[in-house]
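Below, each chain spelled out in residue letters.
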Amino acid sequence: MKHRRVLRAAVTVAVTGALAAGMTMALTTSASAGTTLRASAAEKGRYFGAAVATGKLSTSAYVTVLNREFNSVVAENEMKWDATEPQQGQFRYTGGDRLVSHAQANGMSVRGHALLWHQQEPGWAQSMSGSALRSAMINHVTQVATHFRGKIHSWDVVNEAFADGGSGGRRDSNLQRTGNDWIEAAFRAARAADPGAKLCYNDYNTDGINAKSTGIYNMVRDFKSRGVPIDCVGFQSHLGTSLAGDYQANLQRFADLGVDVQITELDVMTGGNQANIYGAVTRACMNVSRCTGITVWGVRDCDSWRGSDNALLFDCNGNKKAAYTNVLNALNAGPAIPTDPPTDPPTDPPTDPPTDPPTDPPAVGCSASVSLNSWTGGFVASVKVTAGSAGTSGWNVGFTLPSGASVTNTWSATASGSTGTVRFANVNYNGRLGAGQVTEFGFQGTGSASGVTPTCTAS
Ligand code: G3I
């Protein structure tokens, strides 16, 4: 059904340019020779993930491939609304927790999928509407994101909320009928519940510049301009026998809005072009520095929701297909995500009374400056954090306190440690800063903090 609709849409935008361009791409100096998807992706600062049905974690042939090849997982079904809140207010995390444990034991990050989606709503939510549904859905986001707080790399906060076809508008659903602001309300609730997770909007039939992807693009641009907390956009990429020629350009235009992009549910119809399309999608991601990872929607062909399409990278016996080789080669040939060069330490030693705040924002990352109000036996430190040109989604400021000094109270940040090396992390409302934007936090202590120098790390 939807599957057929996806494939038809993919065929209508068939252009071969991306394949041809990708196949002639020269190896760069960053070429490497990783021998598994996870190693090769990691070498380039990215993840390579698979959707997992937790019931299969006891099948050794499945787990062998999963653990060898992938360093990210997403639950194919177990973190969805019907699975996690089958009765209103009664939460069930068995499947999700099992997947998180498996990931933690095997060096994998976890994508969370999906907090809100018009499909796989539990029956009780399907029959709700209006303000009762609005509060139930926000409660769901809050509860689930809180349960998994600190364990999720990226959450699909909202899944598939845009309509197919040429309208570029929202899909009708009981969620949408609670008011057009339901998506931003969900993102704000998710940020408050898990400030460390990247928050994504995820959809399909967005594999090129088209009415649907442009509708989403406009929403993301609007969110960024109004400070709605969105960090990433997921491109499901359930593909047919061709790939849109502007697949990479589409990823890039979203990245240029200041969000990460991720390929979130990749699978490709079998046939002559399957291996080429897999390679081209991987190259497109590698060529976009904010494309942080690729997830395929299953491990072996027989694990796929697409059944006889044989749409994945491994056959039913776990053997690598030609598509696998193309993906691996593209990972190895592609550039690494540029890493931020270390920030220079502040040139002016902090003085007491206050130093001037930096006038220019740092080029990348963040910088911090401190002013101290000291008295015999105590001090108050006021710290300014300034985001670099890329902005921040979170920050962490470290101090090494002199012997005898101790932090007794902190505001607008969360402290770890109280003596020696003490770190201060953003709280949920002040981690996200635009380029050059400044926020402040403070702490009080006993002893003397004279001469302390802050170091700032952005995420
Ligand atoms: O677990 C029950 C089983 O007990 C029962 O016997 C069986 C009978 O049909 O159903 C089983 O549940 C099925 C579940 O998959 C687990 O296999 C559901 O019926 C079935 O609807 C469900 O399908 C999932 C589908 O989302 C639901 O819309 C697919 O596995 C899953 O791959 C698919 O994933 C979606 C993404 O979440 C969003 N993007 C599209 C993608 C593909 O449709």
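Refer to the structure above for everything that follows.
These remarks concern the structure in this document. (Residues numbered from 1 in each chain as written. Predicted model: local features only at pLDDT ≥ 70, side-chain atom pairs only at ≥ 80, totals over all residues. Heavy atoms only, no water.)

Points about the nonpolar core
Generally speaking, nonpolar side chains in soluble globular proteins are found buried as a group. We count it as follows: Buried Ala, Val, Leu, Ile, Met, Phe, Trp, Tyr and Cys residues that are joined via side-chain atoms within 4.5 Å together make up what is termed a nonpolar core. The classification of residues rests on relative accessible area computed with a 1.4 Å probe and restricted to protein chains. Under 20% of the type maximum is buried, over 50% is exposed, and intermediate values are partly exposed. By the criteria applied, helices consist of DSSP H or I runs no shorter than four residues and strands consist of E runs no shorter than two, each listed in order from the N terminus. When checking whether two residues touch, look at their non-hydrogen atoms; a contact exists if any pair is within 4.5 Å.
Ranked by internal contacts, the top residues of the largest apolar core, which has 92 residues, are Phe-48, Leu-66, Trp-155, Val-158, Phe-187 and Leu-313. For this core, the element with the highest residue contribution is helix H12 (residues 274-286), accounting for 8 residues. Ignoring sequence-local partners within four residues, the contact set of Phe-187 consists of Val-157, Val-158, Leu-199, Cys-200, Tyr-201, Phe-223, Val-228, Pro-229 and Ile-230. Grouped together as the second largest cluster of nonpolar side chains are 24 residues, Ala-368, Phe-399, Val-407 and Phe-443 included.

Quick word on the state of the cysteines
Rule in force here: We call a pair of cysteine sulfur atoms a disulfide whenever their separation is within 2.5 Å.
Summed over all chains, the structure comprises 4 disulfides. For Cys-200, the disulfide goes to Cys-232, at an S-S distance of 2.1 Å. Sign of the S-S torsion, about -90° for the bond between Cys-200 and Cys-232, identifies this disulfide as left-handed. One end of the pair, Cys-200, is in strand S5 (residues 198-203); the other, Cys-232, is in strand S6 (residues 232-235), with 32 residues separating them in the sequence. For the pair Cys-200 and Cys-232, a shared accessibility class is recorded, and that class is buried. Shown here is the disulfide that connects Cys-366 with Cys-456, its sulfur atoms set 2.0 Å apart.

Overview of the side chain of Thr-206
Following the sequence through the fold, Thr-206 ends up in the loop between S5 and helix H10 (211-226). The residues contacting Thr-206, other than those within four sequence positions of it, are Lys-212, Ser-213, Ile-216, Phe-235 and Asn-250.

Section: the pattern of salt bridges
For clarity, the cut-off: Each reported salt bridge corresponds to a side-chain nitrogen of Lys or Arg within 4 Å of a carboxyl oxygen of Asp or Glu.
Applying the stated rule across the entire model yields 18 salt bridges. Asp-156 is the partner of Arg-111 in a salt bridge, and the nearest nitrogen-oxygen pair spans 2.8 Å. Here the residue Arg-111 occupies a position in strand S3 (residues 109-117), and Asp-156 occupies one in strand S4 (residues 154-159), the gap between them amounting to 45 residues. Residue Asp-156 is classed as buried on the basis of its relative accessible area of 0%. The partner of Asp-309 in a salt bridge is Arg-306, and the shortest N-O contact between them spans 3.0 Å.

Observations concerning the site of the ligand
Put simply, the test is: By convention in this text, a residue qualifies as near a molecule or strand provided that one of its non-hydrogen atoms is within 4 Å of it. Nitrogen and oxygen atoms within 3.5 Å of one another constitute a polar contact, given that in protein one can donate a hydrogen and the other can accept it, and given that sequence-neighbouring residues count only through two side-chain atoms. Throughout, the Shrake-Rupley method with a 1.4 Å probe supplies accessible areas, and for residues the shown protein chains are the sole cover considered. Gly falls in the polar group here, along with every residue not listed as nonpolar (Ala, Val, Leu, Ile, Met, Phe, Trp, Tyr, Cys, Pro) or charged (Asp, Glu, Lys, Arg).
With respect to spatial proximity, 15 residues lie near the ligand, and among them Glu-76, Lys-80, His-113, Glu-160 and Glu-265 are the closest. Within the side chain of Gln-119, a nitrogen or oxygen atom sits 3.1 Å from an oxygen atom of the ligand. At a separation of 2.6 Å, a nitrogen atom of the ligand approaches a polar side-chain atom of Glu-265. For the ligand, the protein covers 47% of the area, taking 780 Å² as the surface of the free molecule. The class makeup of the residues in the shell around the ligand is 3 nonpolar, 7 polar and 5 charged.

A word on the layout of surface pockets
Using the following cut-off: The method works on a 1 Å grid over the protein atoms by themselves. A cavity is a set of points holding a 1.4 Å probe that cannot get out, a pocket is an open set with protein on both sides within 12 Å along at least five of seven lines, and residues with an atom within 4 Å of a point line them. Grid points are joined across faces, edges and corners, and a volume is the space filled by probe spheres set on the points.
Estimated volume of the largest pocket: approximately 1400 Å³. Lining the largest pocket are 47 residues, with Lys-198, Arg-290, Thr-392, Ser-393 and Ser-459 positioned closest to its centre. Counting only elements with at least two residues in the lining of the largest pocket, the list comes to helix H9 (182-193), H10 and strand S12 (395-400). For the lining of the largest pocket, the class distribution of residues is 16 nonpolar, 22 polar and 9 charged.

Focus on unusual backbone geometry
Note that the residue after His-113, namely Ala-114, is joined by a cis bond; omega there is -10°. Tracing the backbone shows Ala-114 in strand S3. Even without glycine at this site, Gln-120 takes up a positive phi of about 55°. Mapped onto the fold, Gln-120 is located in the loop between S3 and helix H7 (123-126). Residue Asn-205 is not a glycine yet carries a positive backbone phi of 55°. By secondary structure assignment, the location of Asn-205 is in the loop between S5 and H10.

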